[in-house]
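# Reading the structure
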Amino acid sequence: MASFGVDTRPAAAGEGALSFLSRSLREDLRLIRARAGELETFLSAPVPEPDLFARLRRAYNTTSSSGSAASGIGRTRLDLSAIGKAFEAEVGRGWGAKTGWRWEDEDAAEWEPIRAVKARLRDLDRKRQDQASDVLHKVKLSLKSMSFAPEASEEVPPLDLNELLAYFLKQSVPLFDQLGIKRDVCDKLVESLCSKRKDHFAYDPLSTSESSSFRNDNTCDELDLRIASVLQSTGHHYEGGFWDDGQKYDVADKRHVAIVTTASLPWMTGTAVNPLFRAAYLAKSSKQYVTLMVPWLCKSDQELVYPNNMTFSSPEDQETYIRNWLEERVGFKTDFRISFYPGKFQKERRSIIPAGDTSQFISSKEADIAILEEPEHLNWYHHGKRWTDKFNHVVGIVHTNYLEYIKREKNGAIQAFFVKHINNLIARAYCHKVLRLSGATQDLARSMICNVHGVNPKFLEVGERIAAERESGEQSMSKGAYFLGKMVWAKGYRELIDLLAKHKTDLDGFKLDVYGNGEDSVEVQSAAKKLDLNLNFHKGRDHADDSLHGYKVFVNPSISDVLCTATAEALAMGKFVVCADHPSNDFFRSFPNCLVYTTSEDFVAKVKEAMTRDPQPLTPEQRYNLSWEAATQRFMEHSELDKVLSSNGDCASTSGNSVDRRMKKSASLPNMSDIVDGGLAFAHYCFTGSELLRLSTGAVPGTLNYNKQHSVDMHLLPPQVQNPVYGW
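Summarised in this report is the structure supplied together with it. (Residues numbered from 1 in each chain as written. Predicted model: local features only at pLDDT ≥ 70, side-chain atom pairs only at ≥ 80, totals over all residues. Heavy atoms only, no water.)

Turning next to the overall build of the protein. Assigned secondary structure in the protein consists of 31 helices and 14 strands. Looking at the protein as a whole, 45% of its 728 residues qualify as buried. Pairs at least 24 residues apart make up 70% of the contacts formed inside the protein by residues separated by at least 6 positions. On the protein, roughly 39,000 Å² of surface is accessible, and the fraction owed to carbon and sulfur atoms is 54%. (Helix = DSSP H or I, 4+ residues; strand = E, 2+ residues; numbered from the N terminus. Buried < 20%, exposed > 50% of the residue type's maximum accessible area, 1.4 Å probe, protein only. Contact = heavy atoms within 4.5 Å. Areas by Shrake-Rupley, 256 points an atom, 1.4 Å probe, with all protein chains shown as cover.)

Take a look at the structure:
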């Protein structure tokens, strides 16, 4: 085919683009010529397109041929730098001078289309260099990640072996505590491991001010901060507890408080009286709904427990008796609900054991805050819902020194060993906070010492009346000394008889009246008669009885009590109290009428002192400290219930600072304490689910579930319907 003088070689992609550019330039020149006649001279001059484009073609062909020869493949690469040099050479030859152009600005010494092409070429060349640098940067990062030496940068250095071991030991403290290993040993090991790290917690992800405030928090230390910062740097977030179900009471405008106790009136014991007053004074403020849960005993058990053969045919009758007794003493109308759960009386331990799952008698709609009076007693054989899973906040109040009572029994040391660990397990697994009335009780997990009990307002009224009579010159206390308490050896009768027998000569002429009933009445009276002690025994009666107001000295040598209610009542009535130097009496030491003795000889001296002078009247502050208003205030503060009630359920927000809110460790790593507590609760649940294991540890037979009589008295579903047994 004829070519007619036209180059028929295949056109490269670059040539097509340049031809299109040439046509666009000529069109622009025609438009300029048509619109600007004064440029006619410039437009008639020849445009150096052939020479420029020839240079561009040579640059392109050179790079194309060299690339093909070097690589041996058909793919060509465009050398942008060569094309750019072609433009620069053309401009350098003074193309503008040939065309007759005159530029006033040196920066504008390029034709606009050529400058645009050069800028585009520079951009393409820059992108190629950036791509090469990105690849090189990625290679450097890969090599850097393979290096084990930490850099001095903002990146969080990885944990070393000592830190991991230290954190494992620190988080295992709850488990070691349950096994009886002292916490000091674990703390020393953790400190030793942390001190071996050269750059001891060098990284601090917080600012200086924030870091200092964070470390001032007693619940967080540098090791916790270090672990939390490393986990946060990885982007890991802990989603929740292994044992938690997360389904709890939804906080409403008015909160619900459930007080669960192990005894009820008319049994005049501390766990029957004190929770009753607590419910009345908590409900008095009307800021929260209050429910008092007490055990319901079948009539056969009522005859064994309640005094004077008193029995009730229904829970409603017993509730009426309880309310009348309470309102007569507090002087105001009580506004709280009384609910019952099934219970059985155990003769050997003289205590009431819950039958079935006590928590099921509190509906899920009201399961907000629980106060467990004697949490260890309530949960020894508890087989049901975990309290801390069902309730938002659980407070345990320890009333009784069970270890002291158990040690007095046969094989008491062995039994006390197991009971000690079981009590600690229950405190860890079922309570958020534990309050101990005095240091006489077992040191439990999450516990603190605080007296949260007050006295019956009637006793304070008696004290005020006696003080007024004394000021008017009347002789209000004409009687001598007395002792009042349940007549069992563990209630101080053994100590009393030993002291009086040892110092019979020193206390010649000293007479003591004793009021009480109990299982050991015959033995106590026979022992006193055998030793020829000057003791006059009387039947038990209420401490507020008018016949007791005339005594001046209350003698209480008991060392088995946790916080003797009778001692507080005697002080409220303005009497002298002679008591032992024991942790159970620490709260009463500040009262001037409390005479504490350390030895048996000191006991004699304190008794003679009390018998020869008059007690001092109580000050308003001392009366307030003995009242239930003050006891309720102490309870609200030390149980953190005031913070819980004011935080609308967000318990965590009440104890955290600004740094805690920014870096919540619980959201970034699991807490070994929660895992241990959940594991203990699960193990306890499995253990108490076996009737054989329950009986082997002294449980009342048939307390795994309530019986038929309970269902009739309390209008519950029959036991076989509530807990069906599946089988052939």
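Picking up where we left off.
Moving on, we get to the pairing of strand E9 (residues 481–484). Burial along E9 is two-sided: the residues Ala-481 and Phe-483 and Tyr-482 and Leu-484 are all buried. Handedness of the crossover joining E9 and strand E10 (residues 512–515) through helix H20 (residues 493–502) is recorded here as right-handed. Pairing between E9 and strand E12 (residues 553–556): 2 bridges, direction parallel. Residue pairing across strands places Ala-481 opposite Val-553, the latter belonging to E12. (Right-handed = clockwise from strand over helix to strand, strands pointing away. Pairing = 2+ DSSP bridges.)

Cis geometry is found at the peptide bond from Leu-265 to Pro-266, where omega equals 10 degrees. Assignment of secondary structure puts Pro-266 in the loop between strand E1 (255–260) and helix H12 (270–284). If you check the backbone angles, His-715 has positive phi at about 60 degrees while not being a glycine. Inspection of the secondary structure puts His-715 in the loop between helix H30 (708–714) and helix H31 (719–722). Given a relative accessible area of 66%, His-715 falls into the exposed group.

Ordered by their spatial adjacency, 8 strands build an open sheet running E4-E3-E2-E1-E5-E6-E7-E8, and the pairing between neighbours is mixed. This sheet does not close on itself; its edge strands, each paired only once, are strand E4 (351–354) and strand E8 (447–449). When strand polarity is set aside, the average angle formed by the axes of neighbouring strands in this sheet is 30 degrees. Relative to the sheet, H12 contacts E1, strand E2 (288–296), strand E5 (369–373) and strand E6 (393–398), its axis offset from that of E2 by approximately 165 degrees. Taken strand by strand, helix H25 (residues 628–638) contacts E5, E6, strand E7 (433–436) and E8, and its axis lies near 145 degrees from that of E7. (Axes fitted to C-alpha atoms, helices over the stretch in contact; angles between N-to-C directions.)

Another aspect to go through is the packing of H20 against helix H23 (residues 600–612). Packing of H20 against H23 brings their axes to within 10 Å, and their N-to-C directions diverge by 85 degrees. By the criterion of interaxial angle, the relationship of H20 to H23 is roughly perpendicular. Of H23, the residues touching H20 (which contributes Leu-499, Leu-500 and Lys-502) are Ser-600, Glu-601 and Phe-603. For the contact of H20 with H23, the class distribution of residues is 3 nonpolar, 1 polar and 2 charged. (Parallel < 35°, antiparallel > 145°, perpendicular 65-115°, else oblique. Nonpolar A, V, L, I, M, F, W, Y, C, P; charged D, E, K, R; others polar.)

Moving on to the pairing of E6. Residues in a regular strand project their side chains so that they alternate between the two faces of the sheet. For E6, the buried fraction is high: 6 of the 6 residues fall into the buried class. Across the two faces of E6 the burial is the same, with His-393, Val-395 and Ile-397 and Val-394, Gly-396 and Val-398 all buried. In the sheet, E5 pairs with E6 via 5 bridges, with the strands oriented parallel. Looking at the pairing, Ile-371 lines up with Val-395 of E6. With 4 bridges joining them, E6 and E7 adopt parallel strand pairing. Counted as the bridge partner of Val-395 is Lys-433 from E7.

Here we take up the nonpolar core. Phe-336, Leu-500, Leu-512, Phe-603 and Phe-635 are the most contacted members of the largest nonpolar core, which totals 105 residues. Non-local contacts of Phe-603, meaning those with residues more than four positions away in its chain, are made with Leu-499, Leu-500, Leu-507, Val-555, Val-578 and Tyr-597. Listed in part, the 33 residues of the second largest apolar core include Tyr-402, Cys-431, Val-676 and Leu-680. (Core = buried A, V, L, I, M, F, W, Y, C linked by side-chain atoms within 4.5 Å.)

Spatially, 6 strands are ordered E11-E10-E9-E12-E13-E14 in an open sheet, and the strand pairing comes out parallel. Strands at the two margins of the open sheet, each flanked by one partner only, are strand E11 (535–538) and strand E14 (594–597). Strand-to-strand, the axes of this sheet are offset by a mean angle of 25 degrees, without reference to chain direction. Against the sheet, helix H22 (residues 565–572) touches E9, E12, strand E13 (576–580) and E14, its axis set at about 165 degrees to E12.

Right, let's get into the pattern of salt bridges. Summed over all chains, the structure comprises 20 salt bridges. Linking Glu-640 and Lys-433 is a salt bridge whose minimum nitrogen-to-oxygen distance equals 3.9 Å. One end of the pair, Glu-640, is in the loop between H25 and helix H26 (641–646); the other, Lys-433, is in strand E7, with 207 residues separating them in the sequence. Residues Arg-465 and Glu-469 are paired through a salt bridge, measuring 3.2 Å at the closest nitrogen-oxygen approach. Taken as a pair, Arg-465 and Glu-469 lie in helix H19 (residues 457–471) at a separation of 4 residues, close to a single helical turn. (Salt bridge = Lys/Arg side-chain N within 4 Å of Asp/Glu carboxyl O.)

Take the side chain of Gln-288 next. Along the polypeptide, Gln-288 turns up in strand E2. Within the structure, the side chain of Gln-288 is placed 2.8 Å from the backbone oxygen of Leu-282, a separation counted as a polar contact. At a separation of 3.2 Å, a polar atom in the side chain of Gln-288 contacts the side chain of Ser-285. Discounting residues that sit within four places of it in the chain, Gln-288 has contacts with Lys-254, Arg-255, Val-257, Leu-282 and Leu-645. (Polar contact = N/O pair within 3.5 Å; in protein donor to acceptor, adjacent residues only side chain to side chain.)

Overall, the coordinates contain 19 aromatic pairs when judged by the stated rule. Ring plane angle 40 degrees and centroid distance 4.8 Å describe the contact between Tyr-482 and Tyr-551, whose orientation is recorded as tilted. Residue Tyr-482 is found in strand E9, and its partner Tyr-551 is found in the loop between E11 and E12; the two are separated by 69 residues along the sequence. Exposure remark for Tyr-482: the relative accessible area of 0% places this residue in the buried category. (Phe/Tyr/Trp six-rings, centres within 6.5 Å; stacked < 30°, edge-to-face > 60°.)

So, to be careful, I would describe these as geometric facts and stop short of saying anything about function.
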